[in-house]
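As a plain string of letters, each chain reads:
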Amino acid sequence: MLFDWLFRKKTGYPDFWKVYLSHFKNKSKSDITDTRFVAFDTETTGLDVKEDRVLSIGAVSIINKKIEVSNTFEIYLEQNIFKPETVKIHGLMRNGSEKKISELDAIKLFLDYIKDAIIVAHHASFDKRMINEILLRHGLGKLKNKFIDTGVLYKRSLHIIYQENTKPYSLDYLCKELNVPTVDRHTATGDALITALVFLKILSRLDKRKHLNWGYLLK
Amino acid sequence: MKNSIAERVYDFLKTYPPFNLLKADDLLAISTQVSILYLEKSDNLYEKGESFKNQFYIVRNGGIALLHTKSNNIQEVINICDAGDVFGVRPLIAKENYKLTASANEESIVYAVPIEIFQSVTNNNASVQKFLITAFATNAYDPYTAEEYGKIFVDYLPNNPQDIVNFQTANYSKNPITCDTTATLKEAAIKMSAHKIGCIIVVDNEKRPTGIITNSDIKNKIATGLYPIDTSVKNIMSSPVYTNKKDLTVADGQLQMIKHNIGHLCITKDGTVNSKLIGVLTHHDILVTLGNSPSVILKEIKRAKRTKTLRAARLKANALLKSYLEQSIPLSHIIKIISQINDTVTIRAIEIALKKMPSPPPVAFAWLAIGSQGRKEQLLFTDQDNAIVFANVDDENYEATQKYFLELAKHVTKSLNKIGFEYCEADMMASNTEWCKSISEWKHQFNDWILSPDEKAILLASIFFDYSCVYGDSSLTDELTEFIYKTLDESALFFKFLGRDALKNPSPLGFFRQFVYEKSDDKKDLFNIKSRALMPLIDAARLLTLFNKIKSVNNTYERYEKLAEIEPNNKELYESCSYAFKALSKFKTKQGLLHNNSGKLIEIESLTKEEQLKLRRCFKPISEIQETLKLKFDLKNFV
């Protein structure tokens, strides 16, 4: 029994987690144009990372400024926590028509989707922490992926004379500034696509010579 | 798995042909296989000669230019596809290499539709096929296609954009002004004068054209005393008239006019003199369609109802610019014409935007062009720099008023971007809250810049001091100018700051009189003609203009001419600065047209020895004017 336990401790991570980790072995930095970025967003029952739960995850992947519609990610989660007051934001009802899956299945699919991609999200730290909480609840480690926050990146893309502005840039504000059509705002997949387009537009504004390198993007 | 994005793609596609002709299930199946592509301006989707891809495209946002590459590697715009337009359909029809290049005319999002799935659901849909073939034919460039696909392509396939225009149906004036054969010449002349027209058609009682009277007939036959003024029109008119059917092309119309040495063609019902007159095609109508003169372009801009039309007119101006440079027309003349066209485009864009607003402007306002547009030196498409100043309002109404003008500016900057003027990288545009304010806020701003100058203030001042009023109430800008000159009297320090800024770009030639190059990624030696040569001249001219309180002279070369008048002892230097500026601008513009960019980075190696020499000669006045500034504003120890 004791040996069993010790054994489990070392190698007892489920296979899907081991597969996920394996993507990060021997990886060399590739060119920005060939790199796979995954833009993602979550809809949650609220903003408390410990108390609230993820209801839906949406993601799209970008390689060389291209998004394949057939390879997008959209799942809805079965959760015990439900807060009626947030329904008006995300529109996900307790007994909605979407096919729901368990949190464990969801995280399996999600890890399999993102692999070692660079993750792009708006106000990324929140979504990152929500996912890490799920991983923690299931006895797994934290996400290993590199993150880019479009809010921060946008601010840095501005001309020097505006950078002292301290206001946080909302996704809606960026869409308006960058002329990104806002259909499907506040669905996870819709917001993921919008974030992806916002990300591409900011990239195009960055000075190709000075800023389009990994050190700058991942700062 | 649910796919919300596919549903949104579906929602977009279903409103545009040929997708609107498909069944919902089929279209949804296509939608899930679409790729969403993001293109930066001038990214190519495919190039001439590239082998066909297994997809075709529809524009989601922005605009894609289809370019034909001529033998001398010069590219011509065949068509610009806007949202909902389908292009790149050649692989659907013929498995052969692309004949055109598709390149983003502005930042764009494009959907790529895989051909396999598209064909599997549309195979037998005749209306879809028909649409695609038409789409193909309008964007095609291939003189041989007509033979190969003889049955399908019965229409003429154009060789170049000029040909497209030539083979359009001529746009003649309908409801022409006429008079009876029984009328006197005086009656006819009164009618012509009332309608402000240069010719009148004489018709019989069945409205068939029998003759024509033009201004020159009156001049030659009446004013010379050959006939009395109350003579019958029959004595004066030229007869018979040349007639044609209504569907004649521009090229045909022009040909007939040349052949018969006439300026007017009568359009009749069956094309002969024996049927009813329905219109007149004048030489002027032809010129308008061909559109290669500034007055014609200006007229077209003033009449434009949509941004798309404005864009087409501005593109014609670029072609005009090219031909002017080839013809060695003086640059000062070219600058005047092109900035007139740019101003008119902006005015029209504002007028169109005002129509989109829910209410008229709450108070008077002026639309300012700043930077190079304010100096009216913009030849090629460059960044848009602009600002709004509006009349003072109460505190409680300020926010709402500002919001109105910001909204207006958003519309204007968006359509200017569509026309080809890039958004300003530094966001110095009227759609930015910082650059859209009331006259007293602006005074406050300039006061700040002038009385407490720092690096940032000088950077902004160098752009905002070159403003000119493009649209709206110019008394607002006049008031601002008065204010600025009064404030300048209080600050000697400000001139020193401007002076230091004007000297910040060292001489374009290094110690051994070699060119000073910029570092670039691909190891090429690039010379930045804008920052090394033009900016020092522009900055010096601005400083001296402000110092001498010269008003409403914004062109750099005109500023130097004015300075030469005021300070006769420096006349020679100022005149050579004026000349150098013009020569350098011309150089930059030619490079820009050649490489389809702003032309500011020049590959010195690609220039001939003579061109290099010419360039060097322009640098002498730059170092001389910089020395003059150093002395005049005592900048030696001011660092």
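Structure report, in brief. (Residues numbered from 1 in each chain as written. Chains lettered and ligands numbered in written order. Predicted model: local features only at pLDDT ≥ 70, side-chain atom pairs only at ≥ 80, totals over all residues. Heavy atoms only, no water.)

Structural notes on the overall build of chain A
Quick note on the threshold: Secondary structure is summarised from DSSP: a helix means a run of H or I of at least four residues, a strand means a run of E of at least two, and numbering begins at the N terminus for each. For every residue, the accessible area (1.4 Å probe, protein chains only) is compared with the maximum for its type, and the residue is labelled buried under 20%, exposed over 50%, or partly exposed between those bounds. Here, two residues are considered to be in contact whenever any of their heavy atoms come within 4.5 Å of each other. Per-residue and other accessible areas follow the Shrake-Rupley method at a 1.4 Å probe size, with only the shown protein chains counted as cover for residues.
Counting its secondary structure elements, chain A contains 9 helices and 6 strands. Considering chain A as a whole, with its 219 residues, one finds that 49% of them fall into the buried category. Across chain A, contacts joining residues at least 24 apart in sequence account for 68% of those joining residues at least 6 apart. Approximately 11,400 Å² of chain A is accessible, and the part contributed by carbon and sulfur atoms is 54%.

Some details on the sheet that holds strand 19 (residues 468-472) of chain B
Residues and elements named next belong to chain B. Just so we agree on the cut-off: Note on pairing: DSSP must find at least two bridges between two strands before they are called paired. Axis geometry follows a simple rule: fit a line to the C-alpha atoms, using only the stretch in contact for helices, then measure angles between N-to-C directions, giving values from 0 to 180 degrees.
If you trace the 4 strands from one edge of the open sheet to the other, you get 18-17-16-19, paired in mixed fashion. Only two strands of the sheet have a single neighbouring strand rather than two, namely strand 18 (436-438) and strand 19. The average angle at which neighbouring strand axes cross in this sheet is 30°, direction not considered. The sheet contact formed by strand 17 (residues 386-390) and strand 18 spans 3 bridges and is parallel. Within the sheet, the bridge partner assigned to Val389 lies in strand 18 and is Lys437. Across the sheet, helix 17 (residues 395-419) is in contact with strand 16 (365-369), strand 17 and strand 18; its angle to strand 17 comes to roughly 150°.

Looking at the interface of chain B and chain A
What counts here: Basic side-chain nitrogens of Lys or Arg form a salt bridge, by our definition, when they fall within 4 Å of a carboxyl oxygen of Asp or Glu. Residues are sorted three ways: Asp, Glu, Lys and Arg are charged, Ala, Val, Leu, Ile, Met, Phe, Trp, Tyr, Cys and Pro are nonpolar, and all the rest, Gly among them, are polar.
With 36 residues of chain B at the interface, the matching set in chain A holds 34 residues. On the surface where chain B and chain A come into contact, there are 5 salt bridges. A salt bridge links Arg205 of chain A to Glu107 of chain B; the shortest N-O distance between them is 3.1 Å. Among the elements that take part in the side of chain B that touches chain A, helix 1 (residues 4-13) of chain B stands out by supplying 5 residues, more than any other. In terms of residue class, the side of chain B that touches chain A is made up of 14 nonpolar, 8 polar and 14 charged. Here 3 bridges tie strand 3 (residues 66-77) of chain A to strand 1 (residues 35-39) of chain B, and the two strands are oriented antiparallel to one another. The partner of Glu68 of chain A across the bridge, within strand 1 of chain B, is Ser35 of chain B.

Points about the pairing of strand 1 of chain B
On a regular strand, one side chain projects to one face of the sheet and the next to the other, so that they alternate. All names here are of chain B. Across the 5 residues of strand 1, 5 count as buried, placing the element largely inside the fold. Burial of strand 1 is two-sided: the residues Ser35, Leu37 and Leu39 facing one way and the residues Ile36 and Tyr38 facing the other way are all buried. Strand direction decides the pairing type here: strand 1 and strand 8 (residues 108-114), joined by 5 bridges, are antiparallel. Looking at the pairing, Ser35 lines up with Ala112 of strand 8.

Here we look at the environment of Leu573 of chain B
Residue and element names in this part refer to chain B. Here Leu573 is to be found in helix 24 (residues 571-595). Assessed through its relative accessible area of 10%, Leu573 is described here as buried. Along the backbone, Leu573 and Tyr560 are 13 residues apart, and their C-alpha atoms lie at a distance of 9.0 Å. The residues contacting Leu573, other than those within four sequence positions of it, are Pro621, Glu624, Ile625 and Thr628.

What to know about a positive patch on the surface
The condition is simple: Candidates for patches are residues over 30% relative accessible area with no salt bridge; among them, like charges are joined within 9 Å and nonpolar side chains (Val, Leu, Ile, Met, Phe, Trp, Tyr) within 5 Å. Charged residues are defined narrowly, with Lys and Arg counted positive, Asp and Glu counted negative, and His plus the chain ends left uncounted. Here the site of a charge means NZ on Lys, CZ on Arg, CG on Asp, or CD on Glu.
Side chains of Lys174, Lys191, Lys207, Lys246, Lys269 and Lys276 of chain B sit close together on the surface and give a patch of like positive charge. With respect to the secondary-structure elements, Lys246 of chain B resides in the loop between strand 13 (243-244) and helix 11 (250-260).

As for the sheet that holds strand 5 (residues 75-81) of chain B
Residue and element names in this part refer to chain B. The antiparallel open sheet is built from 4 strands, whose spatial order is 2-7-4-5. Strand pairing shows two members of the sheet lacking a second neighbour, strand 2 (44-46) and strand 5, which therefore form its edges. The average undirected angle you get between the axes of adjacent strands in this sheet is 30°. As paired strands, strand 4 (residues 64-69) and strand 7 (residues 101-104) are joined by 4 bridges and run antiparallel to one another. For Ile64, the partnering residue across the bridge sits in strand 7 and is Ala104.

Things to note about the pattern of salt bridges
All names here are of chain B. Under the definition given, this model contains 44 salt bridges over all chains. Glu7 is the partner of Lys2 in a salt bridge, and the nearest nitrogen-oxygen pair spans 3.7 Å. Relative accessible area serves as the criterion here: at 35%, Lys2 is assigned to the partly exposed category. Its salt-bridge partner being Lys571, residue Glu575 comes within 3.6 Å of it at the nearest N-O pair. You can see Glu575 and its partner Lys571 sitting in helix 24, 4 residues apart, about one turn around the helix. A residue is classified by how much of its surface remains accessible, and Glu575, at 39% relative accessible area, is partly exposed. Judged by relative accessible area, Lys571 falls into the partly exposed class, the value being 41%. Each of Arg375, Glu377, Asp466, Asp539, Arg542 and Arg559 takes part in a single network of salt bridges with overlapping partners.

Notes on unusual backbone geometry
If a residue is not glycine, its phi is most likely negative; likewise, a peptide bond is most likely trans. A cis amide bond, omega 0°, links Pro17 of chain B with the succeeding residue Pro18 of chain B. Considering the arrangement of structural elements, one finds Pro18 of chain B in the loop between helix 1 and helix 2 (24-32). The phi angle at His123 of chain A is positive, at roughly 50°, despite the residue not being glycine. Along the chain, His123 of chain A turns up in the loop between strand 5 (118-121) and helix 5 (124-137). Even without being a glycine, Lys207 of chain B presents a positive backbone phi close to 65°. Its place among the elements puts Lys207 of chain B in the loop between strand 11 (199-203) and strand 12 (209-214). Lys207 of chain B gets classed as partly exposed once you look at its relative accessible area, which sits at 42%.

A word on the packing of aromatic side chains
Two aromatic rings are characterised by how far apart their centres lie and by the angle between their planes. Test applied: Classification of ring pairs uses Phe, Tyr and Trp, with its six-membered ring standing for Trp, and accepts pairs whose centres are within 6.5 Å; under 30 degrees between planes counts as stacked, over 60 as edge-to-face, and the remaining range as tilted. Think of it as a cone above the ring: NZ of Lys or CZ of Arg counts as a charge over the ring if it is within 6 Å of the ring centre and within 35 degrees of the ring normal.
Enumeration over the complete set of coordinates arrives at 38 aromatic pairs over all chains. A centroid spacing of 6.5 Å and a plane angle of 50° characterise the contact between Tyr13 of chain A and Trp17 of chain A, whose relative ring orientation is tilted. Exposure remark for Tyr13 of chain A: the relative accessible area of 38% places this residue in the partly exposed category. The interplanar angle of 40° and the centroid separation of 6.0 Å between the aromatic rings of Phe365 of chain B and Tyr471 of chain B together place this pair among those described as tilted. Taken together, the positions of Phe365 of chain B in strand 16 and Tyr471 of chain B in strand 19 put the pair 106 residues apart, joining distant regions of the chain. Within the aromatic cluster, the residues linked to one another by ring pairs are Trp435, Trp442, Phe446, Trp449, Phe464, Phe465, Tyr467, Phe494, Phe495, Phe547 and Phe633 of chain B. Looking at Arg36 of chain A, its charged tip hangs above the ring of Tyr113 of chain A, at a distance of 5.2 Å from the centre. The aromatic ring of Trp442 of chain B is capped on one face by Lys437 of chain B, whose charged end is 5.2 Å from the ring centroid.

Describing the nonpolar core
The criterion, for reference: Residues belong to one nonpolar core when they are buried, are Ala, Val, Leu, Ile, Met, Phe, Trp, Tyr or Cys, and are joined through side-chain atoms within 4.5 Å.
Membership of the largest hydrophobic core comes to 177 residues, with the highest contact counts inside it found for Phe19, Phe118, Met428, Phe464 and Leu584 of chain B. Ranked by the residues each element gives to this core, the list is headed by helix 15 (residues 331-356) of chain B, at 12 residues. Apart from residues no more than four positions distant in its own chain, Phe464 of chain B is found in contact with Ile370, Ala387, Met428, Trp435, Trp442, Phe446 and Trp449 of chain B. Among the nonpolar cores identified, the runner-up in size contains 31 residues, and Phe40, Ile134, Leu143 and Phe147 of chain A belong to it.

Side note on the packing of helix 1 of chain B against helix 2 of chain B
All names here are of chain B. Note the cut-off: If an angle is under 35 degrees, it is roughly parallel; if it is over 145, roughly antiparallel; if it lies from 65 to 115, roughly perpendicular; otherwise it is oblique. Crossing handedness is read from the near helix: turned anticlockwise from the far helix by less than a right angle, it gives a left-handed crossing, and turned clockwise, a right-handed one.
Where helix 1 meets helix 2, the closest approach of the two axes is 8 Å, and the angle between their N-to-C directions is 120°. The pairing of helix 1 with helix 2 is recorded here as oblique in orientation. In the packing of helix 1 onto helix 2, the handedness of the crossing is right-handed. Between helix 1, through Ala6, Val9, Tyr10 and Leu13, and helix 2, the contact on the second element is made entirely by Ala24, Leu27, Leu28, Ser31 and Thr32.

Focus on helix 4 (residues 103-114) of chain A
Put simply, the test is: Expected helix span is taken as 1.5 Å per residue step, with the number of steps being one fewer than the number of residues.
With 12 residues, helix 4 of chain A should cover 16 Å at 1.5 Å per step; its first-to-last C-alpha distance of 16 Å lies within 8% of that length. One or two residues past the end of helix 4 of chain A sits Lys115 of chain A, with phi positive at roughly 45°.

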